[in-house]
Amino acid sequence: MKEGYRFLGEYIRQVDIRNKEGKKENLLGVSVQKQFIQSIANTVGTDFTKYKIVKKGQFTYIPDTSRRGDKIAIALLEDYEEGLVSNVYTVFEVIDTEKLLPEYLMLWFSRPEFDRYARFKSHGSVREVMDWEEMCKVELPVPDIEKQRKIVKAYKTITDRIALKQKINDNLAA
């Protein structure tokens, strides 16, 4: 293992809370653009009690990496307090946010190198999957929490500026 790198499994744990109340709001999917999206699934006759609940600050990923090109579908829930996801998805969270920021981890997952790694580590004959055990073996640099905060803040500043410039360009074009 490279110096300064740690196994992701030291920082995360699976979460498996089922929708016992049978709620039907905020049914979400996960895209290869690393975002939650409103589900377009046909839910007629669906038993929603089998769905998993994902809460703000938690991650969801689809272990099946086949049929998604060279990307893995993974996202951090930020826009809702909670949502519902398929029972075949894996929901997990950071154990201690004073050691690893979820937003920093999401930046790591967003890198093309992570997608390549996930595809390389996927296994299976008909459906390739990157299972939980492989996810926990991911090695990543984990700087001190203040450095993580600075990295996240710098990234957010840049993406906010890009979005603002895009709005300006759209207004000028209109």
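This text follows the structure it describes.
My aim in this report is to walk through the structure given alongside it, one point at a time. In this convention, every chain numbers its residues from 1, walking through the sequence in written order. Restriction of local features to residues with pLDDT of at least 70 applies here, the model being predicted, together with a cutoff of 80 or more for giving and counting side-chain atom pairs; totals for whole chains, interfaces and linings are based on all residues. Only hydrogens and water are set aside when side-chain values are computed; all heavy atoms of the structure are taken into account.

**Digging into the packing of aromatic side chains**
So, point 1. Only the six-membered ring of Trp is used, alongside the rings of Phe and Tyr, when aromatic pairs are assigned; centres must lie within 6.5 Å, and planes under 30 degrees apart are stacked while those over 60 apart are edge-to-face, with the rest tilted. On inspection of all chains with the given rule, the structure shows eight aromatic pairs.
So, point 2. Between Tyr-5 and Trp-108, the aromatic rings sit 6.4 Å apart at their centres with planes inclined by 75 degrees, giving edge-to-face as the arrangement. Of this pair, Tyr-5 sits in strand S1 (residues 5–7) while Trp-108 sits in helix H1 (residues 102–109), and the two are 103 residues apart along the sequence.
So, point 3. By relative accessible area, which is 14% here, Trp-108 ends up buried.
So, point 4. Here the aromatic rings of Phe-92 and Phe-109 are separated by 6.2 Å at their centres, their planes lie at 85 degrees, and the arrangement is edge-to-face. With Phe-92 in strand S9 (residues 90–94) and Phe-109 in helix H1, this residue pair connects regions lying 17 residues apart in the sequence. Here Phe-92 matches Phe-109 in class, with each residue buried.
So, point 5. Three or more aromatic residues joined by ring pairs form one cluster here, namely Phe-59, Tyr-61, Phe-92, Phe-109, Phe-114 and Trp-132.
So, point 6. For a Lys NZ or an Arg CZ to count as sitting over a ring, it must be within 6 Å of the ring centre and within 35 degrees of the ring normal. Note that Arg-111 overlies the ring of Trp-108, its terminal NZ or CZ placed 4.2 Å from the centroid. Helix and strand assignments follow DSSP, with helices taken as H or I runs no shorter than four residues and strands as E runs no shorter than two, numbered in order from the N terminus. Only protein chains enter the accessibility calculation, which uses a 1.4 Å probe; a residue whose area is less than 20% of its type maximum is buried, one above 50% is exposed, and one in between is partly exposed.

**Re the environment of Val-30**
So, point 1. Structurally, Val-30 is set in strand S3 (residues 28–30).
So, point 2. Separated by 55 residues in the primary sequence, Val-30 and Val-85 place their C-alpha atoms 8.5 Å from one another.
So, point 3. Any pair of residues with heavy atoms lying within 4.5 Å of one another is described as a contacting pair. Apart from the residues lying within four places of it in its own chain, the contact partners of Val-30 are Gln-35, Phe-36, Ile-37, Thr-60, Ile-62, Ala-73, Ile-74, Ala-75 and Tyr-89.

**A closer look at the packing of H1 against helix H4 (residues 145–173)**
How two helices sit against one another is set out by the angle between their axes and by the gap between those axes.
So, point 1. Between H1 and H4, the shortest axis-to-axis distance is 9 Å and the interhelical angle comes to 65 degrees. Both H1 and H4 take part in a crossing whose hand is left-handed. For the pair H1 and H4, the contacting residues are Glu-103, Tyr-104 and Leu-107 in the first and Gln-148, Ile-151, Val-152 and Tyr-155 in the second.
So, point 2. Looking at the contact of H1 with H4 residue by residue, the class counts come to five nonpolar, one polar and one charged. All axes are obtained by fitting lines to C-alpha atoms, using only the stretch in contact for helices, and the reported angles, taken between N-to-C directions, cover 0 to 180 degrees. By definition, any crossing whose near helix is turned counterclockwise from its far helix by less than a right angle is left-handed, and any crossing with a clockwise turn is right-handed. Only Asp, Glu, Lys and Arg are considered charged in this grouping, and only Ala, Val, Leu, Ile, Met, Phe, Trp, Tyr, Cys and Pro are considered nonpolar; every other residue, Gly among them, is considered polar.

**Points about helix H2 (residues 112–121)**
So, point 1. Every buried residue belonging to H2 is among Phe-114, Asp-115 and Ala-118, and all of these are buried. One face of H2 carries all of its buried residues, which in axial projection span an arc of 100 degrees. Within H2, the exposed residues directed more than 90 degrees away from the buried face are Arg-116 and Phe-120. Think of it as the arc spanned by the lines of direction from the helix axis to the C-beta atoms.

**Remarks on the pattern of salt bridges**
So, point 1. Each reported salt bridge corresponds to a side-chain nitrogen of Lys or Arg within 4 Å of a carboxyl oxygen of Asp or Glu. Tallied over the entire structure, the rule returns twelve salt bridges.
So, point 2. Note that Arg-6 is salt-bridged to Glu-10, the shortest N-O span being 2.5 Å.
So, point 3. The partly exposed category is assigned to Arg-6, whose relative accessible area is 37%.
So, point 4. You can call Glu-10 partly exposed: its relative accessible area is 40%.
So, point 5. Lys-137 serves as the salt-bridge partner of Glu-133, at 3.5 Å between the closest nitrogen and oxygen.

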